[in-house]
Structures are given as C-alpha cells and as structure tokens.
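Descriptive structure summary
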Amino acid sequence: MHHHNYPKVPRHSVEEGLQAQGEAQGPVGAQGARAREGAAAAPSSSTSTASLKSDQGSSRREEASPSTSEDRPVAKTLIREGINDKVADLVRFLLLKYRTKELITKEEMLNDVIKDYRDHFSEIFKEASECMNLVFGIDVKEVDPDGHSYDLVIALGLTYDGMLDDYQSLPKTGLLINVLGVIFLEGNCAAEEVIWEVLGVMGVQAGQEHSIYGEPRKLITHDWVQEGYLVYRQVPFSDPVRYEFLWGPRVCAETSKMKILEFVAKVNDTVPSAFPVWYEEALRDEEARRQAKVEVRPSWGAWPRALCRATTKRPCPK
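First things first, this report covers the structure right here in the doc.

Cut-offs used in this document
- Residues numbered from 1 in each chain as written.
- Predicted model: local features only at pLDDT ≥ 70, side-chain atom pairs only at ≥ 80, totals over all residues.
- Heavy atoms only, no water.
- Helix = DSSP H or I, 4+ residues; strand = E, 2+ residues; numbered from the N terminus.
- Buried < 20%, exposed > 50% of the residue type's maximum accessible area, 1.4 Å probe, protein only.
- Contact = heavy atoms within 4.5 Å.
- Pairing = 2+ DSSP bridges.
- Phe/Tyr/Trp six-rings, centres within 6.5 Å; stacked < 30°, edge-to-face > 60°.
- Lys NZ or Arg CZ within 6 Å of the ring centre and 35° of its normal.
- Lys, Arg positive; Asp, Glu negative; His and termini not counted.
- Salt bridge = Lys/Arg side-chain N within 4 Å of Asp/Glu carboxyl O.
- Axes fitted to C-alpha atoms, helices over the stretch in contact; angles between N-to-C directions.
- Core = buried A, V, L, I, M, F, W, Y, C linked by side-chain atoms within 4.5 Å.

Quick word on the environment of His120
Tracing the backbone through its elements, the reader meets His120 in the loop between helix H6 (106–114) and helix H7 (121–134). With a relative accessible area of 26%, His120 lands in the partly exposed category. In this structure, the C-alpha to C-alpha distance between His120 and Ile83, residues 37 residues apart in sequence, is 7.6 Å. Ignoring anything within four residues of it in the chain, the contact list for His120 reads Ile79 and Ile83.

Structural data, given as structure tokens:
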C-alpha cells in the first residue's frame, strides 16, 4: 500500500474531536504537507498543524515527559487543564446552540460556560471556534459587533450538515470538507483507497462507528453521493474492481476550489499561495466563475428560451 505524507452533546464526542484536532494533522493537513514538500516559501511540514495549536494534548505529552512536567509550575499546568475543559464545554454549548438555531452572545458564554475563566475568554473562544470549524465544519460568525452576538453557519457556503433527527446527532460537514480537500489535492479525482488511507489519520475507518461521524462508509459512498456532494464511480477497466471519488455538482454550485484551498491552508497554518499548483488552479476557477456571472444574466423572460436551447437542437422561436 502506498503512503501519503500528506440538549446534551456527548462529552466523549467533543473530547475525541479536540484530541483528533490537537494530536493529528488530519487528512488535508497530511495531504497539504506532502503537496508543499520542496516549496521554499512554505513552512516545513513539521510546523504544520490541523489542530488548535494549543496544548489540547498537553497533559498526555507531559506524562510522557516527566522532566517537562516537573519544570513547569503546577499552577500553570492546572490553568491549562482548566482552559482545555472550558474549550470542551464551550464546544458542547455551541453545538447545542447550532442544533436549536439560536444566536449566542458573549455575555451568555461568559455567564453560562466560561465563569471563573473570564480572563481567558479570548483564548477559549478562539480554540472552540477553530474546533467547530475544523472538526464539525461549522463557522462561528459575529453578526452584531456592538452586542457581541454570533451565529453558527455551515462552513464554506455548503448547505448540508448530515445531521439526523436524532438529538445526539452531530454536524458532519468537517469530514465532508476534508474529503473534498483530498480530492482536490489528488488532481480532482481520488482513488477510494487514498480517501480511506488519509481519513485513517483522524481515526475514521470504513465499517467502524465513529462518535462524531457515525458509520463513515455509508456517509461517504451513499449519503453524500445522494446529496450531490460526491461522485462515486468505478475506475474504468479496473481488475479487480476499484472505485474513485470526484466532486459532485452541488459542491461546484455551493463552494469553490479557492474556499477549499483556504481550508487546506488553514489546516496547515499557512496561506493558499503556499500550494502554488493548486493556487493557480483555484485562481483560474475564480476567474471562470466571474466570467460566467458576467456572461449569464438570466431573467424570467430568458428561462423559456434557455430551456428550449437545452432540450432541442432546433433554433428557439423568436
């Protein structure tokens, strides 16, 4: 096998999300690091991260390095652990608000969640927002700077979060964006084995129930295909039979290559231009989209003629 370098919200689900974010680059992070190898302008892959970049896994690393723990003041360690707990608490709070479609205020977060850690609000809020974005695919957007109120929306312009009616269900858009990123970095078409290999970095295995994403094989090969986000097709003339993934039409309608690349760059703590080949492709895509908007300005009167041209080879009647 080739290798690429590339209500109640369950507490364990959030903690697993934070742990995955803090201890692994994640699929597009790994792919991005591989894509940037040899690029002088880009930071080395050792500095890349798909995590909160804070010490989400600090206590685990400290156990492995007793000398580090002994050298660090106990008070500082306890504060860091308290901040980690508050980040997890705030993520659960934000997920609840997302499910109930309610706006959130800073005052509400301070009074209901942060409490005694008010002095660390900015750090806790930043880390929780990054977890919402990178793990769950949800953006925390400020809608009233004066009142410090925030809305929770699906990231990158996508409109499907994969949540079920089950009250315990969690947003799955983060996994979708990861898969879209891998497909883009693989040349807009990714072999199924590559998808599963890189998703394995974040503990997502085919046929194994995941605490956030559920059963991923059905999600990726059926649900997102049915929703128009992915194309899952047999590789022509493959023997034994193999399959590959492409972007579906709904991706192209709702988001863009540049937005996906910006997500990849964020995962790697860098900028889109650090991936020159893909950045140039994304720029061409942006220009093509602008041209299409300029050239196609549909009006209600134009629709019958447009449908006529699309359904018949004969000239449309005047």
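Brief notes about the pairing of strand E3 (residues 149–154)
With two bridges connecting them, strand E1 (residues 104–105) and E3 associate as antiparallel partners. In the sheet register, Ile104 faces E3, and the bridge partner there is Tyr150.

Overview of the packing of aromatic side chains
Summed over all chains, the structure comprises six aromatic pairs. Ring pairs connect the aromatic residues Phe121, Phe125 and Tyr150, which therefore count as one cluster. The cationic tip of Lys101 hangs over the ring face of Tyr98; the distance from NZ or CZ to the ring centre is 4.0 Å.

Section: the side chain of Lys86
For Lys86, the position within the fold is in helix H5 (residues 74–100). Nearest to the buried, unbridged Lys86 among oppositely charged side chains is Asp89, at 4.3 Å. In contact with Lys86, other than residues within four places in its own chain, are Val113, Ile114, Lys115, Tyr117 and Ile124.

A short note on the sheet that holds strand E2 (residues 138–144)
Spatially, E1-E3-E2 is the arrangement adopted by the three strands of the open sheet, whose pairing is antiparallel. At either margin of the open sheet sits one strand with a lone partner, and together these are E1 and E2. Taken together, the six bridges between E2 and E3 define a ladder with antiparallel strand orientation. Bridge assignment links Lys141 to a residue of E3, and that residue is Asp151. Sheet strands in contact with H5 are E1, E2 and E3, and its direction is about 75° off that of E3. Set on the sheet, H7 makes contact with E2 and E3; between it and E2 the angle comes to about 130°.

Focus: helix H12 (residues 257–267)
Taking burial as the measure, the eleven residues of H12 include eight buried ones, the bulk of the element. Turning to H12, its buried residues number three or more, namely Lys257, Met258, Ile260, Leu261, Phe263, Val264, Ala265 and Val267. Just downstream of H12, Asp269 is the residue with a positive phi angle, here 55°.

What about the sheet that holds strand E6 (residues 243–247)?
Ordered by their spatial adjacency, three strands build an open sheet running E4-E6-E5, and the pairing between neighbours is antiparallel. Each edge of the sheet is formed by a strand with only one pairing partner; in this case those strands are strand E4 (190–191) and strand E5 (230–234). Pairing between E5 and E6: five bridges, direction antiparallel. From the neighbouring strand, Tyr232 faces E6, where its bridge partner is Phe245. Docked against the sheet, helix H10 (residues 216–226) engages E5 and E6, running at close to 125° with respect to E5.

What to know about the nonpolar core
The biggest cluster of nonpolar side chains holds 70 residues, and the ones touching the most others in it are Leu90 and Phe136. The element best represented in this core is helix H8 (residues 173–185), accounting for nine residues. Leaving out residues up to four positions away in the same chain, Leu90 has contacts with Met109, Val113, Ile114, Ile124, Phe125 and Ala128.

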